[in-house]
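Okay, here's what each chain looks like letter by letter:
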Amino acid sequence: MTSPTPPVLIIGAGPSGFTTAHYLRQAGVGCVILEAGDRVGQSFFKMRDGLCLISPRRFCELPGLPLPTGAPEHIPMRTFQAYLESLAVATGAHVQFGV
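Notes on the structure in this doc start here.

The rules behind each value
- Residues numbered from 1 in each chain as written.
- Predicted model: local features only at pLDDT ≥ 70, side-chain atom pairs only at ≥ 80, totals over all residues.
- Heavy atoms only, no water.
- Axes fitted to C-alpha atoms, helices over the stretch in contact; angles between N-to-C directions.
- Helix = DSSP H or I, 4+ residues; strand = E, 2+ residues; numbered from the N terminus.
- Parallel < 35°, antiparallel > 145°, perpendicular 65-115°, else oblique.
- Left-handed = near helix turned anticlockwise from the far one by under 90°.
- Contact = heavy atoms within 4.5 Å.
- Nonpolar A, V, L, I, M, F, W, Y, C, P; charged D, E, K, R; others polar.

Describing the packing of helix α1 (residues 15–26) against helix α3 (residues 77–91)
Working step 1: Relative orientation of the contacting elements α1 and α3 amounts to 25°, with a least axis distance of 11 Å. Taken as axis vectors, α1 and α3 run roughly parallel relative to one another. Seen along the crossing, α1 lies across α3 with a hand that is left-handed. Taken together, the residues of α3 that come into contact with α1 (itself represented by P15, F18 and R25) are F80, L84, L87, A88 and T91.
Working step 2: Looking at the contact of α1 with α3 residue by residue, the classes come out as 6 nonpolar, 1 polar and 1 charged.

Okay, structure coming up:
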């Protein structure tokens with residue numbers, strides 16, 4: 001009898017963490033996202049208001065949830081923060097905060 005495979009631990013509930021979790025779930029691999037902060041994309045909340053992502057929107061959309069319709073070419077930081085929070089809910093990602 002073999003024991004079940006333990007879940008993969010992903011460090012950080014930001015864009016890379018959610019992308020990694022998406023593809024692991026597609027492959028049938030369980031995963032848990034560990035976030036040091038108290039919310040999804042914590043590092044984005046430390047940035048000043050009014051900032052926009054440098055990358056064009058086509059490089060910012062993550063698997064599992066399209067960016068909001070009508071979002072500008074360079075996504076405002078607060079819009080991207082809300083997008084990450086929506087992505088966590090839409091994908092049912094298992095995130096543990098404060099670790």
